[in-house]
Amino acid sequence: MAFPINRPRRLRRTDTLRRMVRETRLSPDDFIQPYFVCPGRDVRKPIGAMPGVAQMSVDNVVSAARETFAAGVPAVILFGIPSRKDATGTAAWNDQGEVQRTIRELKERVPGLVVITDVCMCEYTDHGHCGVVRNQDVDNDATLELLVREALSHARAGADIVAPSDMMDGRVGAIRTALDDEGFGDVAIMAYSAKFASAFYGPFREAAESAPQFGDRRSYQMDPPNGDEAMREVALDLEEGADLVMVKPALPYLDLIYRVKQEFNVPVAAYNVSGEYSMIRAAGINGWLDEERATLEVLTSIKRAGADLILTYFATAVAQRLR
Ligand code: PBG
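Here goes a summary of the coordinates provided. (Residues numbered from 1 in each chain as written. Predicted model: local features only at pLDDT ≥ 70, side-chain atom pairs only at ≥ 80, totals over all residues. Heavy atoms only, no water.)

1. A closer look at the site of the ligand
In the vicinity of the ligand lie 20 residues, with K195, R205, K248, S274 and Y313 positioned nearest. The side chain of D118 places a nitrogen or oxygen atom 3.4 Å from a nitrogen atom of the ligand. For the ligand, an oxygen atom lies 2.7 Å from a polar atom in the side chain of R205. Considering the ligand on its own, with 400 Å² of exposed area, one finds that the protein chains cover 100% of that surface. (Near = heavy atom within 4 Å. Polar contact = N/O pair within 3.5 Å; in protein donor to acceptor, adjacent residues only side chain to side chain. Areas by Shrake-Rupley, 256 points an atom, 1.4 Å probe, with all protein chains shown as cover.)

Next up, the structure:
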């Protein structure tokens, strides 16, 4: 009989002992900090559903990103809110756009910081869908062309990694080919590979002003019950040339973070999305739970499941605490 010889509590007695046998440790290196770039100068527009997060103009994103990098976080991911939207999202590939200008400024003023860009049409189209709409649905192949233009524009501005989040079939291959043809063979692709049609993106759509004006995203984002299909999506993106793959959201899909890491053994990112952030913040602000502990517990669980990188709105704050 194991008990009383085996007593697992022996190694939990003191903080020092617990430190010695701790299996998972968060580090600032694990994090990617998202930023929302809007038009203007010295703008900081708080997002109601995401306390502590704001849309910021280029200058303010650059100052914030400097702090992020100083806290030890290696990378940021940029989302753009253009001044003008249209049916095909032409602002997405404007070389003078908010994201493109931010990339150039960051490359100049925060050397060493890895700059990732979200590549998608939903922030740039007036209907809020992630591509070209035909007959009330997003046309896959017509959208690929636009995503390629956007990714190339980000690469020209100096992006280190482009991250397609649209969930069109074949977009990783299309972007990889175009980048290579245009001399951007060193620009990496982080694919939002297993991206689910999730209720947890709600607050983001306020932040990015990207809510669909009709219908929803279920004809392109994945159906939440499907795990095997997520594995096929990851396999396809890797075949098409993805350097890093992502599972999104993180918490309701920890099983997939685990499966993807075990099966493919490539760098895996997980997106601790807006709704996951807002839940913790809301409960914290109300005094319903200890926000700091809950945050560390959640981020640790995502890493323990197998994520090498975590995109999280908590990145800079947690990194500063970890130091
Ligand atoms: C763009 C995109 C979304 C998110 C990241 N990229 C929103 C969506 O698909 O509706 C969500 C991020 C978050 O909720 O924090 N397609």
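2. Brief notes about the packing of helix α2 (residues 58-70) against helix α3 (residues 98-109)
Relative to each other, α2 and α3 sit at 40°, their axes nearing to 10 Å. When the axes of α2 and α3 are compared, the pair comes out oblique. Every pair of crossing elements has a handedness; the one defined by α2 and α3 is right-handed. For the pair α2 and α3, the contacting residues are V58, V61, V62, A65 and R66 in the first and E98, R101, T102, E105, L106 and R109 in the second. Looking at the contact of α2 with α3, its residues break down into five nonpolar, one polar and five charged. (Axes fitted to C-alpha atoms, helices over the stretch in contact; angles between N-to-C directions. Helix = DSSP H or I, 4+ residues; strand = E, 2+ residues; numbered from the N terminus. Parallel < 35°, antiparallel > 145°, perpendicular 65-115°, else oblique. Left-handed = near helix turned anticlockwise from the far one by under 90°. Contact = heavy atoms within 4.5 Å. Nonpolar A, V, L, I, M, F, W, Y, C, P; charged D, E, K, R; others polar.)

3. A closer look at the pattern of salt bridges
Counted by the stated rule, this structure contains 18 salt bridges. With its nearest N and O atoms 4.0 Å apart, the salt bridge here joins D86 to R84. By relative accessible area, D86 is classed as buried at 16%. Between R218 and D216 there is a salt bridge, with the nearest N and O atoms lying 2.9 Å from each other. Connected through salt bridges with shared partners, the residues D166, R171 and D237 form a single ionic network. (Salt bridge = Lys/Arg side-chain N within 4 Å of Asp/Glu carboxyl O. Buried < 20%, exposed > 50% of the residue type's maximum accessible area, 1.4 Å probe, protein only.)

4. A look at empty space enclosed by the protein
One pass over the structure, following the stated rule, counts one cavity of 30 Å³ or more. Approximately 120 Å³ is the volume attributed to the largest cavity. In terms of lining, the largest cavity is formed by 19 residues, of which the most central are K195, Y201, F204, R205 and K248. Residues of the lining of the largest cavity, tallied by class, amount to nine nonpolar, four polar and six charged. (1 Å grid on protein atoms, 1.4 Å probe; cavity = no way out; pocket = protein on both sides within 12 Å on 5 of 7 lines; lining within 4 Å. Points joined across faces, edges and corners; volume = space filled by probe spheres on them.)

5. Some remarks on the nonpolar core
Of all hydrophobic cores here, the largest spans 111 residues; its most connected members are F36, L78 and M190. Here this core takes nine residues from helix α4 (residues 140-157), the largest share from any one element. Those residues in contact with M190 that sit more than four places away from it in its chain are I32, I77, I116, I161, V162, A163, P164, L244, M246, A269 and L311. (Core = buried A, V, L, I, M, F, W, Y, C linked by side-chain atoms within 4.5 Å.)

6. Looking at the packing of aromatic side chains
Counted under the stated rule, the structure contains nine aromatic pairs. When the ring of F36 is compared with that of Y313, the centres are 6.1 Å apart and the planes differ by 10°; the resulting orientation is stacked. Placement of F36 in strand β1 (residues 31-37) and of Y313 in the loop between β12 (309-312) and α11 (315-322) is noted, with a sequence separation of 277 residues between them. No difference in accessibility class separates F36 from Y313, as the two residues are buried. An angle of 40° between the planes, with centres 6.1 Å apart, marks the rings of Y271 and Y313 as tilted. Placement of the pair is Y271 in strand β11 (residues 268-272) and Y313 in the loop between β12 and α11, with a sequence separation of 42 residues. Taking the relative accessible area as the measure of exposure, Y313 reaches 7% and is therefore buried. Through successive ring pairs, a cluster of aromatic residues spans F36, F79, Y192, F204, Y271, Y277, Y313 and F314. Lying over the aromatic face of W93, R149 brings its terminal NZ or CZ to 4.9 Å of the ring centre. (Phe/Tyr/Trp six-rings, centres within 6.5 Å; stacked < 30°, edge-to-face > 60°. Lys NZ or Arg CZ within 6 Å of the ring centre and 35° of its normal.)

Everything listed is a geometric property; what it means functionally is a separate question.
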